[in-house]
Structures are given as C-alpha cells and as structure tokens.
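Inside the fold
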Amino acid sequence: MTLSEKAIVTDEGLEALLQALKSLGYRVVGPTLGDGAIVYDDIGELSDLPIGWTDEQEAGHYRLSRRGDRAFFGYAVGPQSWKKFLYPPLQSLWTAKQEGTALQVTAAPVAEERFAFIGVRACELHAMAIQDRVLMNGAYADPHYQGRRRETFIVAVNCGTAGGTCFCVSMDSGPRVDAGFDLALTELDGAENSRFLVEVGSEAGRSLLERLPSRPADSAALAEADAVVARTAQSMGRAMPPVDVRELLLQNPEHPRWDEVAARCLGCANCTMVCPTCFCSSTEDGSDLTGTETSRQRRWDSCFTMDFSYIHGGSVRPSLQARYRQWMTHKLATWHDQFGTSGCVGCGRCITWCPVGIDITEEVRAIDDSQKAKIEGEKGD
Ligand code: SF4
Ligand code: SF4
C-alpha cells in the first residue's frame, strides 16, 4: 500500500483501528455524547461514538437529534475544538519555592502525551495548521503545544453532513480534507454495517492501515465517496460573501454597523472560546498562604474582555464596538498580514454558540452591501 492509496473498511476495521492506536500507546480521543452536545473525549471502543446522532445548528441554537440511521460521524462540529487538548485552557508554566534564603524555580514539565484524534474535519485541520504556524512554527515556539502536537496521529473524516452555520466552502477549507492527516475516512452509509473509504495520508497511516481488515476500494466506492462530499458542499448553511474581506474591513473602521453589532453583543467571549484558531491567553501568578510557594499559569483569555487590553491608565478598547471590531478585523483582515492566511476556517462555531446569534458572515455582508449601495449612489449623483 502506498501514500494516498485507498481501501474500504467496515465497523470491524474501525474498531480494529481504535484498538491498534491504543496498543501503540496513543490516548485515543474522539466525538462522544456529553452535556447535551457532541464533545471530544476519550474513546474506549466504537460504541462510545455518537452513533445515530446529529446536531441541528443555527445562529444561537444547538440541539442534538436522532438521525434514523447508525452513522458514526453524522454531525457537523460541536462546541469544542481540538485546541482543548493541544493548547489546554489552563497550562502550568512554572513554580517557585523558597528554601531558606534561596529560591528554587522549576519549569512545568513539557507534556509528551501522544494523542490520536478521531473524526477531525477539514476545517479543523486548517485550524490546526493555523495554530501550528502561530504556536510552533514561528519565531517563538510554545514547548507545551509542540510536545503534544508533534506526536499527534490524525484520523480525519470527510464531512457527510453540513451544519446550519458551516461556511467552509466559501473559506476554501472544506468539506473535503486535503492535507495534514494520517488516515482520512469517508462514511459511505449509515446502515447496520457501515463502510468507510479510507485514504492514506502519511507513512504512519499507511502502516496502521496494513494492520486492519480491509479490501481495495473499487471505482464505485470512490464515486460514492465523491458524491458524499459534493452533497455536503451543496448543503452548506452559510457563505462568506465573495469579496476581498480584508480590504473591505480595513476600509471601514468607522462603519455604523460596528455600533449596531455592539448593541447586540454581550461581550461574553463565547465566540473566542469556541473558535479553533483563537489563541489569546493571559498569565496569572498565585502563591500559597505561607508565601513560600508561588506558581504561574497560562489561561485562555479573550479580546472581548476589558482586562485583556488593559494597560497603564485603562483599557485600550473600552467599548464593545471596539472589541467586536478588533476581533472580526483581526480574524478576517490583519491575520492575513500577520500570519499569511485568514484567521477563520468557516466552522460556524462562533455563530452557533453566540447567545444572541451574531453571525460573522452576516456582519461582513451588511458592511459590503452598504459599501456597494454607497458606490451605486455616488455613480447616480
Ligand atoms: S471565527 Fe467563527 S467560523 Fe471562523 S473559525 Fe472561528 S469560530 Fe469558526
Ligand atoms: S459576538 Fe456573541 S459570542 Fe461573541 S462576545 Fe458578543 S455576544 Fe458573546
């Protein structure tokens, strides 16, 4: 079997894959049902997957429902992203202990847990590539991220269902996985005995697939898999307007739409917590009651909090208008200048999990529509 070779496996092959990963020492993590949502957690066996469940998503709305079949990956994306494991919400950085007149400082050990992620979507692979660039491949690598990410084995899944808030097609980041995986699955049906087309994306993936019960993929299966992805692409819930969003936002820092969105925004920071590319953090120091031990930890933070941009004299972005504009303009405009890509992969999480249903695509469209109307008006004068 060679790289990019394709094979067919059934439920039995998928179960064998989970067990093979465990026998190789991986911590196997994937989609499970928890807290009324599909969340990423440890997987013991195939039955831990959300078999037969799907998610209904709209702006400010998420519900689980039964599909009426036995699909293993018949949902879009849940509230959590893989950054929960690679870049955890709370990370110890160092501790210091007073010993007599000396101070003993100990760096937090670098985690070397080997993760195997099951069910990673195309938009999520793009998000990981963005976080790799920021946290691992830039001038300042985060050793904790690097330690976890380097050894990660990725079993990706081509989406067979688009969520109501997904817009990856318009961000060129899905629904088909294109790079960054070891094995990629396409679920071909949700009947009693599921079949999966498996594509090899790395040497590690190839050698693992060789251990599984499989058969070569025929042209009918390949066509079936193409149809699954094409159907998903056509049923995308939303689209980012096809304009130069970077230019549009940079030209409109004082647009009245920023005030309108700020009137609805609660500043809750949900959008940044669920976003798979957001990486802002703060550091916090704490000490014990005797004052002899202290520690520093890193905690996820958000550009939506007042404290995040606090410097001597006050917050740089005191209004919600300024904070929402900062978030969206960074994601869609200045991220290109800083990191060479958009900071958005179209996963739709910020739309679903915004309690007041603010939609990043709708905000761009509103500014674009008014810009076009202004240009038309000027032509008419
Ligand atoms: S900005 Fe919203 S849609 Fe884009 S990657 Fe973040 S959560 Fe997903
Ligand atoms: S846009 Fe929505 S999710 Fe984000 S801070 Fe405002 S209210 Fe919260």
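Keep in mind that this is a model prediction, so the values were computed, not measured. (Residues numbered from 1 in each chain as written. Chains lettered and ligands numbered in written order. Predicted model: local features only at pLDDT ≥ 70, side-chain atom pairs only at ≥ 80, totals over all residues. Heavy atoms only, no water.)

Right, let's get into the nonpolar core. Grouped together as the largest cluster of nonpolar side chains are 36 residues, with contacts concentrated most on Trp82 and Phe117. Those elements that provide at least two residues to this core are α2 (83–86), β8 (115–120), α3 (122–135), β9 (153–157) and α10 (320–339). Here this core gets eight residues from one element, more than from any other, and that element is α3. When residues are assigned to domains, this core turns out to be shared by domain 1 (6–88 + 97–234) and domain 2 (245–380), each giving three or more. Residues in contact with phenylalanine 117, not counting those within four places in the same chain, are Val29, Trp82, Phe85, Leu86, Met128, Thr152, Phe153, Ile154 and Val155. Core analysis: the next-biggest nonpolar cluster, separate from the first, contains 33 residues, Leu17, Ala37, Leu46 and Phe72 among them. (Core = buried A, V, L, I, M, F, W, Y, C linked by side-chain atoms within 4.5 Å. Buried < 20%, exposed > 50% of the residue type's maximum accessible area, 1.4 Å probe, protein only. Helix = DSSP H or I, 4+ residues; strand = E, 2+ residues; numbered from the N terminus. Domains from an automatic or database assignment. Contact = heavy atoms within 4.5 Å.)

All right, on to the sheet that holds β8 then. Read from one edge to the other, the open sheet built from eight strands follows the order β3-β2-β8-β9-β10-β11-β1-β12, with strand pairing classed as mixed. The strands lining the two open edges of the sheet, one partner per strand, are β3 (37–42) and β12 (215–216). Packed onto the sheet, helix α1 (residues 11–23) meets β1 (6–10), β2 (27–34), β8, β9, β10 (183–187) and β11 (195–200) and runs at close to 100° relative to β1. (Pairing = 2+ DSSP bridges. Axes fitted to C-alpha atoms, helices over the stretch in contact; angles between N-to-C directions.)

As a further point, take the site of ligand 2. The full set close to ligand 2 counts 13 residues, and Cys265, Leu266, Cys268, Cys271 and Cys354 are the nearest of them. Within the shell around ligand 2, the residues separate by chemical class into eleven nonpolar, two polar and no charged. (Near = heavy atom within 4 Å. Nonpolar A, V, L, I, M, F, W, Y, C, P; charged D, E, K, R; others polar.)

All told, the structure shown has 17 aromatic pairs when counted by the stated rule. Pairing tyrosine 40 with tryptophan 82 gives two aromatic rings, centres 3.8 Å apart and planes at 10°, and the pair type is stacked. In this pair, tyrosine 40 sits in strand β3 while tryptophan 82 sits in the loop between β5 (61–66) and α2, placing the two residues 42 residues apart along the sequence. Classification of tryptophan 82 as buried rests on a relative accessible area of 2%. The structure contains a cluster of three or more aromatic residues connected by ring pairs, namely Tyr40, Trp82, Phe85, Phe115 and Phe117. Just above the ring of tryptophan 300 sits the side chain of lysine 83; from NZ or CZ to the centre is 4.6 Å. (Phe/Tyr/Trp six-rings, centres within 6.5 Å; stacked < 30°, edge-to-face > 60°. Lys NZ or Arg CZ within 6 Å of the ring centre and 35° of its normal.)

What follows covers the pattern of salt bridges. Counted according to the given criterion, the structure contains 24 salt bridges. Between glutamate 363 and arginine 264 there is a salt bridge whose closest N-O contact spans 2.9 Å. A residue pair is termed long-range when its members are at least 10 positions apart, and glutamate 363 in helix α12 (residues 360–380) and arginine 264 in helix α8 (residues 257–264) qualify at 99 residues. Here glutamate 363 falls in the buried class, since its relative accessible area comes to 1%. Bridged by salt links that share partners, the residues Arg257, Glu260, Arg264, Glu362 and Glu363 form one connected network. (Salt bridge = Lys/Arg side-chain N within 4 Å of Asp/Glu carboxyl O.)

Right, let's talk about unusual backbone geometry for a bit. Across the junction of glycine 174 and proline 175, the peptide omega takes the value 5°, indicating a cis bond. In this fold, proline 175 is placed in the loop between β9 and β10. One non-glycine residue, aspartate 35, lies in positive phi territory at about 55°. Although it is not a glycine, aspartate 172 adopts a positive phi angle of roughly 55°.

Along its sequence, the protein is organised into domain 1 (6–88 + 97–234) and domain 2 (245–380). Centre-to-centre, using C-alpha coordinates, domain 1 lies 27 Å away from domain 2. Between domain 1 and domain 2, the residue contacts involve 33 residues of the former and 32 residues of the latter. Counting the surface lost from both domain 1 and domain 2, the interface buries some 2,700 Å², and carbon and sulfur atoms represent 61% of this. Inspection of the domain 1/domain 2 interface yields three salt bridges. Of the charged contacts in the structure, one is a salt bridge between glutamate 293 and lysine 97, with a shortest N-O distance of 3.9 Å. At the boundary of domain 1 and domain 2, one finds 24 residue pairs in polar contact (both at pLDDT 80 or more). In terms of residue count, α3 provides more of the side of domain 1 that touches domain 2 than any other element does, eight residues in total. (Buried area = accessible area lost by both parts, 1.4 Å probe. Polar contact = N/O pair within 3.5 Å; in protein donor to acceptor, adjacent residues only side chain to side chain.)

Moving on to the environment of alanine 96. For alanine 96, the location among the structural elements is in strand β6 (residues 90–99). Between the alpha carbons of alanine 96 and glycine 380 there is a distance of 69 Å; along the sequence they are 284 residues apart. Setting aside its immediate chain neighbours within four residues, alanine 96 contacts Leu103, Gln104, Val105, Thr292, Glu293 and Thr294.

What follows concerns α12. Relative to the 30 Å expected for 21 residues at 1.5 Å per residue, α12 spans 31 Å between its end C-alpha atoms, a close match to the ideal helical length. Among the residues of α12, Ile360, Thr361, Glu363, Val364, Ile367, Asp368 and Gln371 are the ones counted as buried. All buried residues of α12 fall inside an arc of 165° around its axis, so they share one side. (Expected span 1.5 Å × (residues − 1). Arc of directions from axis to C-beta.)

What follows covers the sheet that holds strand β7 (residues 102–107). Strand order in this open sheet of four strands is β7-β6-β14-β13, and the pairing throughout is antiparallel. Every interior strand has two partners, whereas the edge strands, β7 and β13 (281–287), have only one. The sheet shows a mean angle of 20° between the axes of neighbouring strands, direction not considered. Of the strand pairs in this sheet, β13 and strand β14 (residues 293–300) are connected by seven bridges, and their pairing is antiparallel. Across the sheet, the residue bridging to glycine 286 is serine 295, located in β14.

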